Amino acid sequence: MTEQALREEMVTLARSMFERGYATGGAGNLSLKLPDGNFLTTPTGSSFGRLVAERLSVVDIDGNHLSGDRPSKEIAFHLAIYRNSPDCNAIVHLHSTYLTALSCLEGLDPDNAIKPFTPYYVMRVGQLPVIPYLRPGDPQIATELANRAADYRAFLLANHGPVITGTDLRDAVDNAEELEETAKLALMLDGKAIRYLTDAEVSDLKGRGK
Ligand SMILES: O=C(CO)COP(=O)(O)O
Ligand SMILES: [Zn+2]
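It should be emphasised that the depicted structure is a prediction, and the values quoted were computed from it without experimental measurement. (Residues numbered from 1 in each chain as written. Chains lettered and ligands numbered in written order. Predicted model: local features only at pLDDT ≥ 70, side-chain atom pairs only at ≥ 80, totals over all residues. Heavy atoms only, no water.)

1. Thoughts on the site of ligand 1
Rules: Each residue is tested against the molecule or strand, and it is near if at least one of its non-hydrogen atoms lies within 4 Å. For this analysis, a polar contact is any N or O atom pair within 3.5 Å, provided that within protein one partner can donate a hydrogen and the other can accept it, and provided that sequence-adjacent residues contribute only side-chain to side-chain pairs. Per-residue and other accessible areas follow the Shrake-Rupley method at a 1.4 Å probe size, with only the shown protein chains counted as cover for residues.
Neighbouring ligand 1 are Gly26, Gly28, Asn29, Thr44, Gly45, Ser72, Lys73, Glu74, His93, His95, Pro136 and His160. At 2.6 Å from an oxygen atom of ligand 1 is found a main-chain nitrogen or oxygen belonging to glycine 45. Here histidine 160 contributes a side-chain N or O atom positioned 2.9 Å from an oxygen atom of ligand 1. In the complex, 96% of the free accessible area of ligand 1, which totals 310 Å², lies under the protein chains.

See the structure below:
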C-alpha cells in the first residue's frame, strides 16, 4: 500500500473504532510501519473520531519527529515493540472499557491476564502479559515492552489499557476487537464455573492461522 493509502486507512479505522466506543476523548494511539521504514502515528491528544490524513505524525525508528503534528507521547513504546518484533507492522493502544476494567483488578496472572476459554482469543492473541503500573508517557513502559515484545502479540498495561500488535493496521484492529470482546466475556463470566480450553485444545489451535 502507498503512504497515502495507509494514511487514509488509519483515519478510517480510527473513526470506526471511535464510532463503536473502542476509543473516547483523546485516549489511545495508533502506529504503523511505512514503506520507507519510518512510522506513521496519531498526534498526541488527538481524538480517533477526528484524525486528518495530512496531519498524522511521521517519526523515524529513533523517535525523531519528521513531519505532521507532534506525535503520541507513547511513540517510544511503539518503537520499542517494532525494534524487537520483526512481524509487527502496526500497533493499537486503547483505553477500551472492558480491557481497562480488567487492567485494574488485583491478583492478575502477570504472564497471562486472560486464561483461554474461546478459540479466537488463542488464535489472534494467545497470551496477555501484564506490565506493572507506570504513568502514561513514562519511558520505562518502552523498556518493559522491549523485554517482552519478541514473545507476545498483546500486552495489558496495569491500571491503563491494552497494547495490541498486528501484521498490518487492519490485523491489529481485528486483534484489538477480539481481545476487547474476550475481556468483556471474562468479566461477564466472573464468578461462574467456566470450562476453560484444555492445554491440548490450546495447542491444537496454535499455528493454524486465523
Ligand atoms: O493513551 C494515551 C496515553 O497513554 C494517549 O496519549 P497520546 O494522546 O499522546 O497518544
Ligand atoms: Zn494510554
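On we go from here.
2. Regarding the coordination of the zinc ion (ligand 2)
Formally: Keep in mind that water is not among the atoms, so a site may look incomplete; donors are the N, O and S atoms within 2.8 Å of the metal, or 3.2 Å for Na, K and Ca. Note on conventions: DSSP H or I runs of at least 4 residues are helices, E runs of at least 2 residues are strands, and numbering of each starts at the N terminus.
Within the protein, the atoms that donate to the zinc ion (ligand 2) are His93 (NE2), His95 (NE2) and His160 (NE2), at distances of 2.0 to 2.1 Å. Counting the intervening residues between successive donors of the zinc ion (ligand 2) yields the motif H-x1-H-x64-H. Note that histidine 95 is positioned in the loop between strand 5 (90-93) and helix 3 (97-103) and histidine 160 in the loop between strand 7 (154-157) and strand 8 (161-166), a separation of 65 residues in sequence.

3. Observations regarding the UniProt feature "domain: Class II aldolase/adducin N-terminal" (unreviewed entry) in the protein chain
Rules: UniProt positions are given in the numbering used here, feature names are shortened, and annotations may be inferred rather than shown by experiment.
As annotated by UniProt and renumbered to match this structure, "domain: Class II aldolase/adducin N-terminal" (unreviewed entry) occupies residues 8-187. The span residues 8-187 is 35% helical and 17% strand by assignment, and the distance between its end C-alpha atoms comes to 35 Å.

4. Comments concerning the pairing of strand 7
For a regular strand, side chains alternate in direction, first toward one face of the sheet and then toward the other. Rules: Working definition: with a 1.4 Å probe on protein chains only, accessible area under 20% of the residue-type maximum means buried, over 50% means exposed, and in between means partly exposed. Here, strands pair whenever DSSP counts at least two bridges between them. Crossover handedness is defined by viewing with both strands directed away from the observer: a clockwise path from the first strand over the helix to the second marks the crossover as right-handed.
Neither face of strand 7 is open: one carries Ala154 and Leu156, the other Phe155 and Leu157, and all of them are buried. Across 2 bridges, strand 6 (residues 130-131) lies against strand 7 in parallel orientation. When the sheet's bridge partners are listed, isoleucine 131 is paired in strand 7 with leucine 157. This β-α-β element, strand 6 to helix 5 (residues 140-148) to strand 7, shows right-handed connectivity.

5. Considering helix 5
What counts, and what does not: This arc describes the spread of directions from the helix axis toward the C-beta atoms. The contact criterion used throughout is that any non-hydrogen atoms of two residues lie within 4.5 Å.
Taken as a whole, helix 5 has its buried residues at Ile141, Ala142, Glu144 and Leu145. Each buried residue of helix 5 lies within a common arc of 165° when the element is viewed along its axis, so the set occupies one face. Packing partners of the buried residues in helix 5 comprise helix 2 (75-84), strand 6 and strand 7.

6. As for the environment of glutamate 144
Counting through the fold element by element, glutamate 144 comes out in helix 5. Residue glutamate 144 is classed as buried on the basis of its relative accessible area of 18%. Measuring from C-alpha to C-alpha, the distance between glutamate 144 and valine 130 comes to 9.9 Å, with 14 residues separating the pair along the chain. Not counting chain neighbours up to four residues away, the residues in contact with glutamate 144 comprise Ile131, Pro132 and Leu134.

7. What to know about helix 6 (residues 169-188)
Rule in force here: Expected span, for any helix, means 1.5 Å times one less than how many residues it has.
Over its 20 residues, helix 6 extends 29 Å from the first C-alpha to the last, a length consistent with the 28 Å expected when each residue adds 1.5 Å. Considered for burial, the residues of helix 6 that qualify are Leu169, Asp171, Ala172, Val173, Asn175, Ala176, Leu179, Glu180, Thr182, Ala183 and Ala186. Near the N-terminus of helix 6, the side chain that reaches the backbone nitrogen of arginine 170, with its oxygen 3.2 Å away, is that of aspartate 168.

8. Remarks on the nonpolar core
Rules: As used in this record, nonpolar core signifies buried Ala, Val, Leu, Ile, Met, Phe, Trp, Tyr and Cys residues forming a set joined through side-chain atoms within 4.5 Å.
Judged by nonpolar contacts, the single largest core of 40 residues is most densely connected at Val92, Leu128 and Leu179. Broken down by secondary-structure element, the contributors of at least two residues to this core are helix 1 (3-19), strand 1 (29-33), strand 5, helix 3, strand 7 and helix 6. Residue contacts for valine 92: discarding those within four places in its chain leaves Met17, Asn29, Leu30, Pro162, Val163, Ile164, Leu169, Ala172, Val173 and Ala176. Core analysis: the second largest hydrophobic core is formed by 20 residues, Ile91, Ile141, Phe155 and Leu157 among them.

9. Side note on the environment of glutamate 74
Structurally, the position occupied by glutamate 74 is in the loop between strand 4 (65-67) and helix 2. Sequence-wise, glutamate 74 and histidine 93 are 19 residues apart; in three dimensions their C-alpha atoms are separated by 9.0 Å. Residues within four places of glutamate 74 in sequence aside, it is in contact with Asn29, Pro136, Gly137, Ile141 and His160.

10. Observations concerning the packing of helix 2 against helix 5
The condition that has to hold: Comment: axis = line fitted to C-alpha atoms, over the contacting stretch for helices; angle = value between 0 and 180 degrees taken between N-to-C directions. Relative orientations are named as follows: roughly parallel for angles under 35 degrees, roughly antiparallel for angles over 145 degrees, roughly perpendicular for angles from 65 to 115 degrees, and oblique for any other angle. Here a crossing is taken to be left-handed if its near helix is turned anticlockwise relative to the far helix by less than a right angle, and right-handed if that turn runs clockwise. In the scheme used here, Gly and all other residues not listed as nonpolar or charged are polar, with Ala, Val, Leu, Ile, Met, Phe, Trp, Tyr, Cys and Pro taken as nonpolar and Asp, Glu, Lys and Arg as charged.
At their nearest, the axes of helix 2 and helix 5 sit 8 Å apart, and the two run at 20° to each other. Of the possible angle classes, the one that applies to helix 2 and helix 5 is roughly parallel. Here helix 2 runs over helix 5; the crossing is right-handed. Residues Ala76, Phe77, Ala80, Ile81 and Asn84 of helix 2 form the contact with helix 5, whose own contacting residues are Ile141, Ala142, Leu145 and Ala146. Partitioning the contact of helix 2 with helix 5 into residue classes produces 8 nonpolar, 1 polar and no charged.

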